[in-house]
Structures are given as C-alpha cells and as structure tokens.
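Examining the three-dimensional arrangement
The chain contents come next:
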Amino acid sequence: MILTYGSQQDYDGMAGKHTGAPAWSPEDFAAMGAFMEAFNKDLEESGELVETRALAAPVHTRRLGSQGGVPVVTDGPYAETQEVLAGYWIVDCESFDRATEIAARLSGCPAPGHVAARAYADVRPIAESRAELEL
C-alpha cells in the first residue's frame, strides 16, 4: 500500500482559501490532476493497480475512541492537524522494491514549492493474515 499525506491547510490551499501560504492556482491544481491521472493510467496498464482513492478533507473526519468502555466521537481533525492520510494506492507488484519505485514517482507530482517541500509517501505491505503481523 502506498500512502500519501497532507493537512487541512493543504486541502484549503487547493480550494483557493487563504491559509497563510500561497494558494494553489487553477494551473497548479490542473497539473496535479493530470499527473495523477497519468500515474494511475500507467499503473492500470501495467496491471499493478488494484485500487486507489483520494480522501476528503480532514474537517470531514470523525475519530472514535473509548472512555470507560463507552464510544466517544470527536469531529475533526481540525486545521491545526499537521498530518493526515490524504490518499492511497494498493498495488500488486513483484516486490517491495518495485512498490518503492512506484511510490518514488510521486515525487514528480506538480505542486506549489511549499507543498512539494514537505510531501512524502509511505510504502507498507498489507498483512494478509494474523501470522504476517508477528514480528
């Protein structure tokens, strides 16, 4: 699984809202969209793409916890949250190294400089069974 991250500030900037950092221009947003469409198409054509999804802005999140065995729901995370999962790709490829090569291509995604400077992705194997969770 390839995981990408962002913040509420990133989502706000893409929507053109003032965040204290330069907003994304329509051209920035279009370039990112074109890159992602081509990236996904390449993975589809190679037969390596299983699934991909972008996630809605963090303000639409609900976090569930527990206090004394009772579920507690908190809306958020809020704009001050520094890092949230922004999207993912599930790929079926020959090796962990190949998945890493695929994820490395995301570094070429167009974005305003202040966004690109802090962008990263994680690559994690998906455990298919409880036995695979053992260290």
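Residues numbered from 1 in each chain as written. Predicted model: local features only at pLDDT ≥ 70, side-chain atom pairs only at ≥ 80, totals over all residues. Heavy atoms only, no water.

Structural notes on the sheet that holds strand β6 (residues 121-123)
Strands sit in the order β2-β5-β1-β6 across an open sheet of four strands; the sheet is antiparallel. A strand with exactly one partner marks an edge of an open sheet, and here the two such strands are β2 (49-54) and β6. Neighbouring strand axes in the sheet, compared pairwise and without regard to direction, differ in orientation by 20° on average. Examined bridge by bridge, strand β1 (residues 2-6) and β6 share three bridges and lie antiparallel to one another. The residue of β6 that forms the bridge with Ile 2 is Val 123. Taken strand by strand, helix α2 (residues 26-46) contacts β2 and β5 (84-91), and its axis lies near 25° from that of β5. The strands touched by helix α3 (residues 96-104) within the sheet are β1, β5 and β6, with β6 carrying the most contacts at an inclination of about 165°. (Pairing = 2+ DSSP bridges. Helix = DSSP H or I, 4+ residues; strand = E, 2+ residues; numbered from the N terminus. Axes fitted to C-alpha atoms, helices over the stretch in contact; angles between N-to-C directions. Contact = heavy atoms within 4.5 Å.)

Focus on the packing of aromatic side chains
Summed over all chains, the structure comprises three aromatic pairs. Measuring from ring centre to ring centre gives 5.1 Å for Tyr 5 and Tyr 120, while their planes differ by 20°; the resulting arrangement is stacked. In this pair, Tyr 5 sits in strand β1 while Tyr 120 sits in the loop between α4 (113-116) and β6, placing the two residues 115 residues apart along the sequence. Tyr 5 gets classed as partly exposed once you look at its relative accessible area, which sits at 22%. With a centroid separation of 6.1 Å and an interplanar angle of 15°, the aromatic rings of Phe 35 and Phe 39 are classed as stacked. With Phe 35 and Phe 39 both in helix α2 and four residues apart, the pair spans about one turn of that helix. Across this residue pair, the class does not change: Phe 35 and Phe 39 are buried. An aromatic cluster is defined as three or more aromatic residues linked by ring pairs; in this entry it consists of Phe 35, Phe 39 and Trp 89. (Phe/Tyr/Trp six-rings, centres within 6.5 Å; stacked < 30°, edge-to-face > 60°. Buried < 20%, exposed > 50% of the residue type's maximum accessible area, 1.4 Å probe, protein only.)

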